[in-house]
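Next come the chains, spelled out residue by residue.
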Amino acid sequence: MTALPEPSKSTAKAIMQLWGSRNEPNRPHMGCSIIGHACDRYIWLTWRWAKSPDFEGRLLRLFDTGKREEERLNQDLKDIGVELYTVDQDTGKQITVSACGGHLAGSVDGIGKGFPEAPKSWAVVEQKTHSAKSFADLQKKGVRESKPQHFVQMQMYMGLLQLERALYLAKNKDNEEIYSEWVHFDQDTFTKHMIRADRLIVATEPPEKLSNDPAWYECKWCDFYELCHGQRAAEANCRTCCHASPVAKGAWHCDSINIDLKEKDQRKGCDGHLYIPPLIPYAKPIDGSTNSVTYQKTDGTTFTNGPGHWLSSELAVTVHTMVGDKVIDEIKEAFPGAKVVASEFGGFADLEGDFDEELKKDAPDPKKEKATAQNKAFIKGMRK
Ligand code: SF4
Ligand code: SF4
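Now for a look at the structure at hand. Each residue is numbered by its place in its chain's sequence as written, counting from 1. Each chain is given a letter, starting from A, and each ligand a number, starting from 1, according to the order in which they appear as written. Restriction of local features to residues with pLDDT of at least 70 applies here, the model being predicted, together with a cutoff of 80 or more for giving and counting side-chain atom pairs; totals for whole chains, interfaces and linings are based on all residues.

Below, the discussion takes up the site of ligand 1. Around ligand 1, the surrounding shell consists of Cys39, Arg41, Tyr42, Leu45, Lys209, Leu210, Glu218, Cys219, Cys222, Phe224, Tyr225 and Cys228. A run of H or I in DSSP becomes a helix once it reaches four residues, and a run of E becomes a strand once it reaches two; helices and strands are each numbered from the N terminus. Sorting elements by how many residues they give to the shell around ligand 1 places helix α2 (residues 40-47) first, with 3 residues. All residues other than Ala, Val, Leu, Ile, Met, Phe, Trp, Tyr, Cys, Pro, Asp, Glu, Lys and Arg, Gly among them, are scored as polar; the first ten of these are nonpolar and the last four charged. Across the shell around ligand 1, the residue classes tally to 9 nonpolar, no polar and 3 charged. Nearness between a residue and a molecule or strand is assessed with a C-beta atom placed from the backbone; a distance within 6 Å qualifies.

In structure tokens form, the structure reads like this:
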């Protein structure tokens with residue numbers, strides 16, 4: 001009997017797709033939650049929006065489970081007699097901390113007093129859920145050694161809130177076991193990471209890689225693997241543009257058009273975007289001016305990034321083998337304004353742009369609305 005085809009739709013699939021559509025954009029600030037990450041470059045690339053979060057639905061649902069668990073743990077703390085605050089009493093919003101000209105920031109799970117460890121001490125509360133394996137490691141080694149990033153996160157909160165204690169509360173997702181650890185403020189760790197944040201905020205280029213070995217274990221699973229060890233350019237937005245710089249009060253300024261950039265405008269960028277050169281990992285800059293940079297790829301091909309050449313928004317979506325391709329260059333030249341909007345390895349580059357008068361005449365329905373100005377040219381057979 002012929003096997004029935006696998007259903008292309010199912011309730012489970014629909015739920016996961018729904019969750020998959022709930023990725024949130026990169027945060028505007030450098031988070032206290034990542035300032036303890038092992039890799040400087042990771043922190044910088046995250047803050048510079050080199051890649052948007054792209055978690056699968058299952059993971060986003062798992063994160064949501066963690067958030068819901070926080071509510072239960074908060075209630076547990078209150079029920080054992082802790083005086084717990086999870087929102088700022090003045091604003092009614094989550095308690096936040098901020099430093100380094102407003103560019104380093106974080107949201108605190110809670111601040112409480114009346115913990116069995118030291119009933120009179122106010123303490124920062126940080127809650128995390130763990131897999132059984134991670135939980136066992138935490139029990140064995142303690143938070144400082146087992147989860148250094150969480151340890152630093154608490155130190156930043158304590159330092160910025162001028163509190164001396166934190167309670168780390170962890171839950172084993174497999175069996176509901178709970179682990180708590182009373183953590184003391186460590187001035188050296190706080191100072192070291194404040195200096196780290198300041199250094200990364202003013203860095204105009206990505207810091208050194210944690211490892212140049214593509215097989216290095218911390219790189220293999222990193223969100224930025226393709227950017228550090230692969231061949232994919234960063235996303236094109238103001239944070240990856242060499243015209244943008246962080247200024248006071250957590251703001252950003254564009255030196256090219258001399259304006260302060262609103263967050264929503266930073267996310268869009270503009271056609272004047274010019275990549276910070278190391279964010280195009282497959283080519284080296286060989287020449288440049290205020291508004292363009294010429295690169296050479298390892299095969300000797302050259303291309304120029306900037307208005308009137310390869311726009312950053314095109315480089316962000318073009319596979320590296322097609323960048324600087326003569327056929328694409330010819331089409332872009334023949335149809336001014338034509339842009340590459342998508343591409344795939346071993347496949348096609350997809351271009352959109354304005355018809356010139358010639359093409360408008362040949363279009364199947366010349367009266368068709370202005371949308372006829374949207375021209376799609378497919379360049380076939382461009383093999384990797
Ligand atoms: S891939 Fe490696 S070097 Fe690059 S950001 Fe991630 S950890 Fe750092
Ligand atoms: S040139 Fe455009 S993309 Fe670059 S910082 Fe200014 S507004 Fe943003």
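Structure's up, so let's keep going.
The next subject is the sheet that holds strand β11 (residues 259-261). Strands are labelled as partners when DSSP assigns at least two bridges between them. Spatially, β9-β10-β11 is the arrangement adopted by the 3 strands of the open sheet, whose pairing is antiparallel. In this open sheet, the two strands that pair with only one neighbour each are β9 (244-246) and β11. Adjacent strand axes in the sheet meet at a mean angle of 35 degrees when their direction is disregarded. Taken together, the 3 bridges between strand β10 (residues 252-254) and β11 define a ladder with antiparallel strand orientation. Its bridge partner being in β11, His253 is matched across the sheet by Asp260. Axis definition: a line fit to C-alpha positions, over the contact stretch in the case of helices; interaxial angles, taken between N-to-C directions, run 0 to 180 degrees.

Moving on to the packing of helix α6 (residues 148-161) against helix α7 (residues 187-202). Orientation of α6 relative to α7, taken along the N-to-C sense of each, is 90 degrees, at an axis distance of 9 Å. Considering their axes alone, α6 and α7 lie roughly perpendicular with respect to each other. Two secondary-structure elements touch here, α6 through Val152, Gln155, Met156 and Gly159 and α7 through Thr189, Phe190 and His193. By residue class, the composition of the contact of α6 with α7 is 3 nonpolar, 4 polar and no charged. Roughly parallel means an angle under 35 degrees; roughly antiparallel means over 145; roughly perpendicular covers 65 to 115; every other angle is labelled oblique. By the convention adopted here, residues are in contact when the distance between their C-beta atoms, placed from the backbone, does not exceed 7 Å.

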